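# Coordinate analysis (summary)
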Amino acid sequence: MPRMKLYLTPISPNSRKVSAVQAHLGLECDVQIVDLSNEDNRAPRYLAVNPNGMVPTMIDDGFTLWESNAIMAYMCSKVDTELWPNGNARYDVLRWMNWELAHWGRWLTIYGFEMFREKFGMGEVDQKALAAAGAAIARFGKVLDDHLSRRTFLVGDALTIADFAVASHLAYRIPAKYPLDSFKHILAWEARLAEVPAWRDTTPES
């Protein structure tokens, strides 16, 4: 049986989630790097497997799957792991992964884009967009910080893919100057995750 194939871009937070799960579970995969600077993601060959032209994408024994959170869950289905718990905890994991996509990741992405805009020659910072993103990060950051004040990880006492999903953007916390320094519980959680070998070893270069 052919090995699972993963199309990834190392600097992508969504790709990093999948890489971390692969490493944590010890899954053997064929990794294909998608070079966004060369617009590999727009090539007809890639669009044939992911019509969105986004990363990551997974192919396993003829089954193609895109969207990072779905890929993480699928990978966990291959082994018995606490990363994808059973019972009500699984729905709690799903809750946080949906929260990451709808709120947390959305606003961190906008903020980071504005902070890097001039560096990469994409025009002047849109101060209105930056301010709106900063306000949303403060709002949702408090939700996350309050939640983490009472626990070690997001769901229960063990690491899950919810942690990987929600933390995926934090590799750029310092270079993008995310306004998170006042959230001590988020920073402590980030430090705990840095002690997880699979998470530490998949940190993208910033």
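See the structure shown above.
Note that the coordinates shown come from a computational prediction; the quantities given were computed from them, not determined experimentally.

Attention shifts here to the overall build of the chain. Along the backbone of the chain there are 8 helices and 4 strands. Starting at the N terminus, the α and β elements of the chain follow one another as β-α-β-α-β-β-α-α-α-α-α-α. Relative to a compact globule of 206 residues, whose C-alpha radius of gyration would be 17 Å, the chain shows 17 Å and is just as compact. Dimensions of the chain, computed from C-alpha atoms along their principal axes, come out at roughly 50 × 45 × 25 Å. Here the chain, with 206 residues, has 48% of them falling under the buried criterion. Contacts in the chain between residues at least 24 apart in sequence constitute 66% of all its contacts with a sequence separation of at least 6. Working note: accessible area of the chain is about 10,800 Å², and carbon and sulfur atoms make up 53% of it. Side chains of the chain give 22 positive and 25 negative charges; the mean places of these two sets differ by 4 Å.

Take the layout of surface pockets next. There is about 1,200 Å³ of room inside the largest pocket. Surrounding the largest pocket, 33 residues form its lining, Ile 11, Ser 12, Pro 13, Leu 36 and Thr 109 being those nearest its centre. The set of elements that each furnish at least two residues to the lining of the largest pocket consists of helix 1 (13–25) and helix 4 (88–117). It is helix 4 that provides the largest number of residues to the lining of the largest pocket, a total of 9 residues. Looking at the lining of the largest pocket, its residues break down into 16 nonpolar, 12 polar and 5 charged.

Further remarks concern the pattern of salt bridges. Pairing is possible between side chains of opposite charge, provided their charged atoms come close. Applying the stated criterion across every chain yields a total of 10 salt bridges. Arg 200 is paired through a salt bridge with Asp 201; the nearest N and O atoms lie 3.3 Å apart. Beyond isolated ion pairs, a larger network of salt bridges with shared partners links Arg 3, Glu 28 and Asp 30.

Here we take up the environment of Phe 63. Counting through the fold element by element, Phe 63 comes out in strand 4 (residues 63–66). Residues Phe 63 and Met 4 lie 59 residues apart in sequence; the distance between their C-alpha atoms is 9.5 Å. Those residues in contact with Phe 63, other than ones at most four positions away along the chain, are Met 58 and Tyr 74.

Here Val 55 and Pro 56 are connected by a cis peptide whose omega angle stands at 5 degrees. You can see Pro 56 is positioned in the loop between helix 2 (44–47) and strand 3 (57–60). A positive phi angle, close to 50 degrees, is found at Asp 61, a residue other than glycine. Topologically, Asp 61 is positioned in the loop between strand 3 and strand 4. For Asp 61, a relative accessible area of 51% gives the class exposed. Positive phi is not limited to glycine here, since Glu 67 has a value of about 90 degrees.

This part covers the packing of helix 1 against helix 3 (residues 68–76). Viewed as axis vectors pointing N to C, helix 1 and helix 3 meet at an angle of 10 degrees, and their least axial separation amounts to 9 Å. Looking at the two axes, helix 1 sits roughly parallel to helix 3. Across the interface between the two elements, Asn 14, Lys 17, Val 18, Val 21, Gln 22 and Leu 25 from helix 1 touch Ser 68, Asn 69, Ile 71, Met 72, Met 75 and Cys 76 from helix 3. Taken together, the residues of the contact of helix 1 with helix 3 sort by class into 7 nonpolar, 4 polar and 1 charged.

Further remarks concern the pairing of strand 2 (residues 29–33). Pairing of strand 1 (residues 4–8) with strand 2 involves 5 bridges; the strand directions are parallel. Across the sheet, the residue bridging to Lys 5 is Asp 30, located in strand 2. In this view, the connection linking strand 1 to its parallel neighbour strand 2 by way of helix 1 has right-handed handedness.

Counting across every chain of the model gives 7 aromatic pairs. Ring geometry for Trp 96 versus Trp 99: centroids 5.0 Å apart, planes at 75 degrees, classification edge-to-face. Taken together, the residues span about one helical turn, with Trp 96 and Trp 99 both in helix 4 at a distance of 3 residues. With a relative accessible area of 4%, Trp 96 lands in the buried category. Ring centres of Trp 99 and Phe 140 lie 6.3 Å apart, and the angle between their planes is 80 degrees; this geometry places the pair in the edge-to-face category. Residue Trp 99 is found in helix 4, and its partner Phe 140 is found in helix 5 (residues 127–148); the two are separated by 41 residues along the sequence. Looking at Trp 99, the relative accessible area reads 12%, which means it is buried. Looking at Phe 140, the relative accessible area reads 8%, which means it is buried. Connected via pairs of aromatic rings, a cluster forms that spans Trp 96, Trp 99, Trp 104 and Phe 140. Above the plane of the ring of Trp 199 lies Arg 16, whose end atom (NZ or CZ) is 3.5 Å from the centre.

What counts, and at which threshold
- Residues numbered from 1 in each chain as written.
- Predicted model: local features only at pLDDT ≥ 70, side-chain atom pairs only at ≥ 80, totals over all residues.
- Heavy atoms only, no water.
- Helix = DSSP H or I, 4+ residues; strand = E, 2+ residues; numbered from the N terminus.
- Rg over C-alpha atoms; globule rule 2.2 N^0.38 Å.
- Buried < 20%, exposed > 50% of the residue type's maximum accessible area, 1.4 Å probe, protein only.
- Contact = heavy atoms within 4.5 Å.
- Areas by Shrake-Rupley, 256 points an atom, 1.4 Å probe, with all protein chains shown as cover.
- Lys, Arg positive; Asp, Glu negative; His and termini not counted.
- Charge placed at Lys NZ, Arg CZ, Asp CG, Glu CD.
- 1 Å grid on protein atoms, 1.4 Å probe; cavity = no way out; pocket = protein on both sides within 12 Å on 5 of 7 lines; lining within 4 Å.
- Points joined across faces, edges and corners; volume = space filled by probe spheres on them.
- Nonpolar A, V, L, I, M, F, W, Y, C, P; charged D, E, K, R; others polar.
- Salt bridge = Lys/Arg side-chain N within 4 Å of Asp/Glu carboxyl O.
- Axes fitted to C-alpha atoms, helices over the stretch in contact; angles between N-to-C directions.
- Parallel < 35°, antiparallel > 145°, perpendicular 65-115°, else oblique.
- Pairing = 2+ DSSP bridges.
- Right-handed = clockwise from strand over helix to strand, strands pointing away.
- Phe/Tyr/Trp six-rings, centres within 6.5 Å; stacked < 30°, edge-to-face > 60°.
- Lys NZ or Arg CZ within 6 Å of the ring centre and 35° of its normal.

Treat this as a map of the structure, not an account of what it does.
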